[in-house]
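The lines below spell out each chain.
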Amino acid sequence: MSDHALTITDDSFDELVLKNTRPILVDFWAPWCVPCKKLSPILDEIAAEGSDKVAIAKLDIEANPNSAKSYRVMSLPTMVVFRDGEPIGRITGAKDKATLLKDIDAALSVSEDTDNSM
């Protein structure tokens with residue numbers, strides 16, 4: 001689905017997301033999800049720009065239902081921002097690039113000592 005974003009699976013989630021040393025946004029998507037298809041090029045563009053703020057990863061929930069279940073993904077698209085193996089922000093719905101970047105910045109600016117339980 002993307003040339004620049006990292007593709008992850010249930011099997012690689014722990015290694016590529018939870019143990020990642022930099023913040024990472026995980027896009028939970030499905031092939032049948034029209035808003036996901038609209039969001040994909042925007043995420044790919046952010047990934048291609050090589051943001052030093054956050055890495056971009058994508059997880060197909062149909063092929064990898066366990067991770068989506070673990071993070072209570074109930075609607076698509078849902079993006080979860082992780083830092084140091086913990087979810088620190090959740091973004092739902094298709095957004096334009098400017099709004100998405102603002103939402104990512106807001107998630108990243110959350111104090112590390114704040115309880116962000118999902």
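Conventions and cut-offs
Residues numbered from 1 in each chain as written. Predicted model: local features only at pLDDT ≥ 70, side-chain atom pairs only at ≥ 80, totals over all residues. Heavy atoms only, no water. Phe/Tyr/Trp six-rings, centres within 6.5 Å; stacked < 30°, edge-to-face > 60°. Helix = DSSP H or I, 4+ residues; strand = E, 2+ residues; numbered from the N terminus. Expected span 1.5 Å × (residues − 1). Contact = heavy atoms within 4.5 Å. Polar contact = N/O pair within 3.5 Å; in protein donor to acceptor, adjacent residues only side chain to side chain. Pairing = 2+ DSSP bridges. Axes fitted to C-alpha atoms, helices over the stretch in contact; angles between N-to-C directions.

Caption draft 1: Inspection of the packing of aromatic side chains at higher detail. The tally for this structure, following the rule as stated, stands at three aromatic pairs. Taken together, the ring pairs connect Phe13, Tyr71 and Phe82 into an aromatic cluster.

Caption draft 2: Representation of helix α4 (residues 97–108). Compared with the 16 Å implied by 1.5 Å per residue over twelve residues, the 16 Å span of α4 between its first and last C-alpha is a close match. On its buried face, α4 is in contact with β2 (24–29), α2 (34–48), β4 (78–83) and β5 (86–92). Taking the backbone nitrogen of Ala98 as reference, a side-chain oxygen 3.1 Å away marks Asp96 as the first, capping residue of α4.

Caption draft 3: Quick look at the sheet that holds β4. The five strands are arranged β1-β3-β2-β4-β5 in an open sheet whose pairing can be described as mixed. Both edges of this open sheet fall to β1 (6–7) and β5, since each of them pairs with a single strand only. Sheet topology places β2 next to β4; five bridges connect them, and they run antiparallel. Each bridged residue has a counterpart across the sheet, and for Val26 the counterpart in β4 is Val80. Relative to the sheet, α2 contacts β2, β3 (55–60) and β4, its axis offset from that of β3 by approximately 150 degrees. Against the sheet, α4 contacts β2, β4 and β5, and its axis sits at roughly 155 degrees relative to β5.

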